[in-house]
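Listed below are the residues making up each chain.
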Amino acid sequence: MLASAIVVTAFLVCWVAGGVARFWGEGRWLAVVVGVVLGAAAIDVITGVVHWACDRFGDASTPIVGPLLIRAFREHHDDPQSIVEHDWVETNGEPCVVTALALVGLALIEPHAHSSSAAFAVTAVWTMAILGASANQAHKWAHTPRAPAFVRSLQRAGLTLSPERHARHHQGPHDEAYCISTGWMNPLLDRLGIWSRLERSLKGTT
């Protein structure tokens, strides 16, 4: 199932890419550019929220999310390099299950997108799907001692999570630098103290 989700995600990403190219060809290039940038920022925040929630709440026995997400994040703190040993399907399969579902809907909507706002929305969600599906892979590369040359180039350019950006999460109490897609949003969210504010507000309601 996980391998099938990866294949379906790759196919649908390419399918919707045709629509994004259409938007560009129709002169809606600004909507495409803004959609890519904001979509990338949004999915970085979402990966951070998921990571933060799994680190700070519940445990491996929590129904559904415990064995699927929380256990992996907690074990990763104990042995950060174990992620490097995961194969391609193990690393990317679960995120692709979610993104494949989102992309099915997007593929149905895209042909009917003819305004700049629709072009922006489709492009943003398409970008989120791509980076969401590959977030675990970006995280794995940030721990890989000898990542492929093209990955190191992306890391140096700030287009994917770099070891330097991610290392901050593994220092001290693991309470910052939660975003694991591009890592773009970590400095801002950490500077604003978003994670501690969220935790205090949620614990204050229980």
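Not measured: the values here are computed from a predicted model.

This part covers the overall build of the protein chain. A count of helical and extended segments in the protein chain gives 10 helices and zero strands. Listing the helices and strands of the protein chain from first to last along the sequence gives α-α-α-α-α-α-α-α-α-α. Compactness check: the protein chain gives a C-alpha radius of gyration of 18 Å against a globular reference of 17 Å for 206 residues, within 12% of the reference. Within the protein chain, the proportion of its 206 residues that are buried is 41%. Taking contacts inside the protein chain between residues at least 6 apart in sequence as the whole, the part at least 24 apart equals 66%. Carbon together with sulfur atoms contributes 69% to the accessible area of the protein chain, which is approximately 10900 Å² in total.

This next bit is on the packing of helix α2 (residues 29–56) against helix α5 (residues 116–133). The interhelical angle for the contact between α2 and α5, taken along N-to-C directions, is 40°, at an axis separation of 7 Å. As judged from the angle between their axes, α2 and α5 are oblique. Note on packing geometry: the crossing formed by α2 with α5 is right-handed. For the pair α2 and α5, contact is made by A31, V32, V34, G35, V36, L38, G39, A40, A42, I43 and I46 and by S116, A119, F120, T123, A124, T127, M128, L131 and G132, respectively. Here the contact of α2 with α5 is composed, by residue class, of 14 nonpolar, six polar and no charged.

With that out of the way, let us pick up the environment of T62. Along the chain, T62 turns up in the loop between α2 and α3 (65–78). What T62 contacts, discounting residues up to four positions off in sequence, is P67 and I70.

Here we come to the side chain of Q155. As for its placement among the helices and strands, Q155 is situated in helix α7 (residues 149–157). Contact partners of Q155, with chain neighbours within four places excluded, come to W141, A142, T160, L161, S162 and P163.

What follows covers the packing of aromatic side chains. One pass over the structure, following the stated rule, counts five aromatic pairs. Relative to W195, the ring of Y178 has its centre 5.2 Å away and its plane inclined at 75°; by these criteria the two rings are edge-to-face. In this pair, Y178 is assigned in the loop between α8 (163–167) and α9 (186–191) and W195 in helix α10 (residues 194–204), connecting sequence segments 17 residues apart. Neither residue differs from the other here; Y178 and W195 are each classed as buried. Following the ring pairs from residue to residue traces out a cluster consisting of W52, F57, Y178 and W195.

The next point concerns the packing of α2 against α3. Running from amino to carboxyl end, α2 crosses α3 at an angle of 80°, the nearest separation of the two axes being 9 Å. When the interaxial angle is binned, α2 and α3 end up roughly perpendicular. Here α2 contributes V50, H51, C54, D55 and R56 to the contact with α3, which in turn contributes L69, I70, F73, R74 and H77.

Grouped together as the largest cluster of nonpolar side chains are 15 residues, with contacts concentrated most on V16, F23, L103, L106, V122 and W126. Sorting the residues of this core by element identifies α1 (2–25), α2, α4 (88–109) and α5 as the ones contributing at least two each. If near-sequence neighbours (up to four positions away) are discounted, W126 is found in contact with V13, V16, A17, V20, L103 and L106. Membership of the second largest hydrophobic core comes to seven residues, among which are A41, Y178, L189 and W195.

For the largest pocket, the calculated volume is near 1100 Å³. Contributing to the lining of the largest pocket are 34 residues, with L68, L69, E94, P95 and N136 lying nearest its centre. If you list the elements that add at least two residues to the lining of the largest pocket, you get α2, α3, α4, α5 and α6 (135–143). The dominant element in the lining of the largest pocket, judged by the number of residues it contributes, is α3, at nine residues. Within this model, the second largest pocket holds a volume of roughly 510 Å³. Sorting the residues of the lining of the second largest pocket by element identifies α1, α2, α4, α5 and α6 as the ones contributing at least two each. Considering each element in turn, the lining of the second largest pocket owes the most residues, four residues, to α1. Taken together, the residues of the lining of the second largest pocket sort by class into 16 nonpolar, seven polar and no charged.

Procedures and definitions
Residues numbered from 1 in each chain as written. Predicted model: local features only at pLDDT ≥ 70, side-chain atom pairs only at ≥ 80, totals over all residues. Heavy atoms only, no water. Helix = DSSP H or I, 4+ residues; strand = E, 2+ residues; numbered from the N terminus. Rg over C-alpha atoms; globule rule 2.2 N^0.38 Å. Buried < 20%, exposed > 50% of the residue type's maximum accessible area, 1.4 Å probe, protein only. Contact = heavy atoms within 4.5 Å. Areas by Shrake-Rupley, 256 points an atom, 1.4 Å probe, with all protein chains shown as cover. Axes fitted to C-alpha atoms, helices over the stretch in contact; angles between N-to-C directions. Parallel < 35°, antiparallel > 145°, perpendicular 65-115°, else oblique. Left-handed = near helix turned anticlockwise from the far one by under 90°. Nonpolar A, V, L, I, M, F, W, Y, C, P; charged D, E, K, R; others polar. Phe/Tyr/Trp six-rings, centres within 6.5 Å; stacked < 30°, edge-to-face > 60°. Core = buried A, V, L, I, M, F, W, Y, C linked by side-chain atoms within 4.5 Å. 1 Å grid on protein atoms, 1.4 Å probe; cavity = no way out; pocket = protein on both sides within 12 Å on 5 of 7 lines; lining within 4 Å. Points joined across faces, edges and corners; volume = space filled by probe spheres on them.

By themselves, these observations are geometric and do not establish any function.
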